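Descriptive analysis of the structure
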Amino acid sequence: MARRVAVPARPLGDDFSFVSPVVKYVLFFFNLLFWKISMVMVAVGVYARLLKHAEAAMACLAVDPAILLILVGVLTFLITFCGCIGSLRENICLLQTFSVCLTVVFLLQLAAGVLGFVFSDEARGKVSEIINGAIVHYRDDLDLQNLIDFGQKEFSCCGGVSYKDWSQNMYFNCTTTNPSRERCSVPFSCCLHDANQTVVNTMCGHGMQDMGYLEASAFIYTNGCIDKLVNWIHSNLFLLGGITLGLALPQLVGIILAQLLINQIRDQVKLQLYNQQHRADPWY
């Protein structure tokens, strides 16, 4: 049902406005902040891509963190542009675009969370596929390499399912025809590190894939990162819930403010039409 606006018995002054300056400028500065953040994200992503060799960059395009940063930055830039300009110019079309896009993003995030929980086996398989793809291109992208090393150190794990997954990489492959000096090895981030060790031995993972699990466990983490990640998620559900709420809250605030401002602008337009009609009335 369409919302009715209570119109006065006589036209209000030209200086009267239904549009609240508080709502208008809070929404404007809210979008301006994320607009600037999105530009920084795009700039960092583009800079990271330009630093890479063309052949390596194309080879690992699907698992490149810089590409993800650029895509998220561009999406955020477009959405916040509509919100920023729409609120400043009181443009209903831009504000509706902003509100709809933000609602779609919020619903997609919600759906992804629900589907990931309901179809946990399929989600696990997709994560395994992504990790295996990252292992294959480990040496092709320095950003990806640093990300994998960070994850393996933080979660005390190695590979996807086990440390032997590193045989999927051409440099760590265990085949007899592999001429690499890193044949049958694992990255140094898989190694057990001594707290008193001041210099990192980057060759500590040499030949570990030739060893059995018990033998290798004395030198490296043998458990895969997928199980470690799943266990970490189960142990930190409240933390993840808080992070999710922290990401969702600004989106909900943006949607509510945009809808509130849209209704205020529509009320203002109706008031202006009402005033024009009465001023055109010869009996006014």
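The model shown is predicted, which means the values in this text are computed figures rather than measured ones. Residue numbers run consecutively from 1 along every chain, following the written order of its sequence. With pLDDT at 70 or above as the cut-off, local features in this predicted model cover only qualifying residues; side-chain atom pairs require 80 or more to be listed or tallied, and sums for whole chains, interfaces and linings still use all residues. Processing note: side-chain calculations cover all non-hydrogen atoms of the structure and skip hydrogens and water entirely.

Describing the overall build of the protein
Secondary structure follows DSSP: runs of H or I at least 4 residues long count as helices, runs of E at least 2 residues long count as strands, and numbering of each begins at the N terminus. What the protein contains, in helices and strands, is nine helices and zero strands. Counting helices and strands in the order they occur from the N terminus, the protein gives α-α-α-α-α-α-α-α-α. Looking at the 284 residues of the protein, the share that counts as buried comes to 33%. Partitioning the intrachain contacts of the protein with sequence separation of at least 6 by distance along the chain shows that 71% fall at a separation of at least 24. Areas reported as accessible are Shrake-Rupley estimates using a 1.4 Å probe. Residue values count occlusion only from the protein chains shown. For the protein, the exposed area adds up to about 17,800 Å²; of that, 67% sits on carbon and sulfur atoms. Only protein chains enter the accessibility calculation, which uses a 1.4 Å probe; a residue is then buried when its area is under 20% of its type maximum, exposed when over 50%, and partly exposed in between. Throughout, a residue-residue contact means that at least one pair of heavy atoms, one from each residue, lies within 4.5 Å.

Remarks on a nonpolar patch on the surface
On the surface, a cluster of nonpolar side chains totalling about 550 Å² of accessible area is made up of Trp232, Ile233, Leu237, Leu239, Ile243 and Leu247. Looking at the nonpolar patch, the elements that each hand over two or more residues are α8 (225-235) and α9 (237-279). Of all the elements, α9 adds the most residues to the nonpolar patch, at four residues. Its location among the elements puts Ile243 in helix α9. Only residues whose relative accessible area exceeds 30% and that take part in no salt bridge are eligible for patches, with like-charged residues grouped when within 9 Å of each other and nonpolar side chains (Val, Leu, Ile, Met, Phe, Trp, Tyr) grouped when within 5 Å. Whenever Lys or Arg places a side-chain nitrogen within 4 Å of a carboxyl oxygen from Asp or Glu, that contact is recorded as a salt bridge.

What to know about the UniProt feature "transmembrane region" (unreviewed entry) in the protein
Listed under "transmembrane region" (unreviewed entry) in the UniProt record, and renumbered for this structure, are residues 25-48, 60-88, 94-119 and 237-262. In the segment residues 25-48, helix accounts for 100% and strand for 0%; the C-alpha atoms at its two ends are 34 Å apart. End C-alpha atoms of residues 237-262 are separated by 37 Å, and the span's content is 100% helix alongside 0% strand. UniProt positions are given in the numbering used here, feature names are shortened, and annotations may be inferred rather than shown by experiment.

Digging into the nonpolar core
For the purposes of this section, nonpolar cores are sets of buried Ala, Val, Leu, Ile, Met, Phe, Trp, Tyr and Cys residues that join through side-chain atoms within 4.5 Å. If you look at the biggest cluster of nonpolar residues, it comprises 17 residues, and the most contacted ones within it are Ile148, Cys158, Tyr163, Trp166, Val186, Cys190 and Ile220. Only α5 (120-136) and α6 (142-155) provide two or more residues apiece to this core. In contact with Cys190, not counting residues within four places along its chain, are Gln152, Cys157, Cys158, Trp166, Ile220 and Tyr221. By size, the runner-up hydrophobic cluster in this structure holds 15 residues, among which are Leu27, Phe98, Ile255 and Leu261.

Examining unusual backbone geometry
Not every positive phi belongs to a glycine, and Glu90 is a case in point at roughly 55°. Secondary-structure assignment places Glu90 in the loop between α3 (65-89) and α4 (92-118). Backbone geometry places Cys184, a non-glycine residue, at a positive phi of 65°. Tracing the backbone through its elements, the reader meets Cys184 in the loop between α6 and α7 (213-216). Overall, Cys184 belongs to the buried group, its relative accessible area being 1%.

Side note on the state of the cysteines
The criterion for a disulfide is a pair of cysteine sulfur atoms lying within 2.5 Å. If you walk through the whole model with that rule in mind, you get four disulfides. Each sulfur of the disulfide joining Cys158 and Cys190 lies 2.1 Å from the other. Residues Cys158 and Cys190 are joined by a disulfide whose S-S torsion is about 80°; by sign, that bridge is right-handed. Separated by 32 residues along the polypeptide, Cys158 in the loop between α6 and α7 and Cys190 in the loop between α6 and α7 bring together distant segments of the chain. What makes Cys190 buried here is its relative accessible area of 0%. Paired by a disulfide, Cys191 and Cys204 hold their sulfur atoms 2.0 Å apart. Its torsion about the S-S bond being 105°, the disulfide of Cys191 and Cys204 is classed as right-handed. One end of the pair, Cys191, is in the loop between α6 and α7; the other, Cys204, is in the loop between α6 and α7, and 13 residues separate them in sequence. Assessed through its relative accessible area of 1%, Cys191 is described here as buried. When the cysteines of the protein that form disulfides are numbered from the N-terminus onward, they connect as 1-8, 2-5, 3-4, 6-7. Lacking any disulfide linkage, Cys82 is separated from the closest cysteine sulfur, that of Cys101, by 6.2 Å.

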